Amino acid sequence: MRWTPGRIWTARYVDGPYVLREGNRLVVSFTDTTEARRWTDRILREVLIHGGRHYGLRLCHGAALELGAGGLLITGESGAGKTDLALKLAHALAAPVVTVDRGTMGHHHGSFCIGTLPFGMNVHHATLSDLGCTTPDLARRYPPIAGKHYLSLPDAERWCGITRTPWTPITSVVQVVRSTTRTRWYPMSSEEISDAVAAADTSATDPGYQTDWLGLAPNTPLHPSAIGDLHAGWSLHYRPDHPLPQDWLTDLKRAILPAVPS
């Protein structure tokens, strides 16, 4: 992607559309209309990342559950098992799923929160297979790219059980690490929790999102998230084909139950 600064900003995505910005107007050119939704969502995510800096918003890569008055953020590298774990915990805890891919991250009414990104979501093919969602219609409408299907938000709600939520206060964090032996866990320190939250900040960790191509906020730095609301965190070395450790589930419930209204 490259840009030409000036009163009118012009951006060109590699193998993608041209984007022109004049003030608050964006004009996007497409040669392949079947890719229009995916590219439009990509551009809107960049608007959110860079334009949202003025309002303390960022793009979060992770899964999140809503747990009454609190919530659980699940972080980790792509393919670590975040979506699989989120769906299993949602079933075990009867908790709504806020996101399984990317969401908005910031502060709302003084609390550190995660919200459902109002665009599409990338979901692993294996995860959709586990949910029984790999139909011919799905493959035709959402051809897999690098093993993932980019679902529209309505279909993510339908197939993955996403509950669209603008803001969910996060009180606990799980950092997922793919395990080749067995599933094991340990509590994280406050410093490790801070590092896990920082790693979920897409605009700070993904090189593809670190340059403000459309000139929305060229001189506005991101401020570190205050995570004083987070009172528990775990590192989970996870094998999706192994059962979740009961001692960890007990510790998790003990930490989140005070935040859930009786």
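Residues numbered from 1 in each chain as written. Predicted model: local features only at pLDDT ≥ 70, side-chain atom pairs only at ≥ 80, totals over all residues. Heavy atoms only, no water.

**Q** Give me the lowdown on the nonpolar core, citing residues and values where you can.
**A** Leu85, Leu89 and Trp248 are the most contacted members of the largest nonpolar core, which totals 39 residues. Among the elements of the structure, β6 (63-67), β7 (70-76), α2 (82-93), β11 (121-124), α5 (153-160), β14 (172-178), β16 (232-238) and α8 (246-256) are those that each provide at least two residues to this core. Considering every element that reaches this core, the biggest residue donor is α2, with six residues. Apart from the residues lying within four places of it in its own chain, the contact partners of Leu85 are Ile74, Val174, Val176, Leu236, Tyr238, Leu244 and Trp248. (Core = buried A, V, L, I, M, F, W, Y, C linked by side-chain atoms within 4.5 Å. Buried < 20%, exposed > 50% of the residue type's maximum accessible area, 1.4 Å probe, protein only. Helix = DSSP H or I, 4+ residues; strand = E, 2+ residues; numbered from the N terminus. Contact = heavy atoms within 4.5 Å.)

**Q** Give me the packing of aromatic side chains: which residues, what numbers.
**A** Two descriptors summarise a pair of aromatic rings, namely the distance from one centre to the other and the angle between the planes of the rings. Evaluated as defined, the whole model comprises one aromatic pair. Residues Trp234 and Trp248 carry aromatic rings whose centres are separated by 6.3 Å and whose planes lie at 85° to one another, so their mutual orientation is edge-to-face. In this pair, Trp234 is assigned in strand β16 and Trp248 in helix α8, connecting sequence segments 14 residues apart. (Phe/Tyr/Trp six-rings, centres within 6.5 Å; stacked < 30°, edge-to-face > 60°.)

**Q** Would you mind going over the pattern of salt bridges in detail, with residue names and values included?
**A** With the rule as written, the count across this model stands at seven salt bridges. Across the salt bridge formed by Arg58 and Asp201, the nearest N and O atoms sit 2.8 Å from each other. With Arg58 in strand β5 (residues 58-61) and Asp201 in the loop between α6 (190-199) and α7 (202-205), this residue pair connects regions lying 143 residues apart in the sequence. With a relative accessible area of 9%, Arg58 lands in the buried category. Notably, a salt bridge pairs Arg158 with Asp155, separated by 4.0 Å at the nearest N-O pair. (Salt bridge = Lys/Arg side-chain N within 4 Å of Asp/Glu carboxyl O.)

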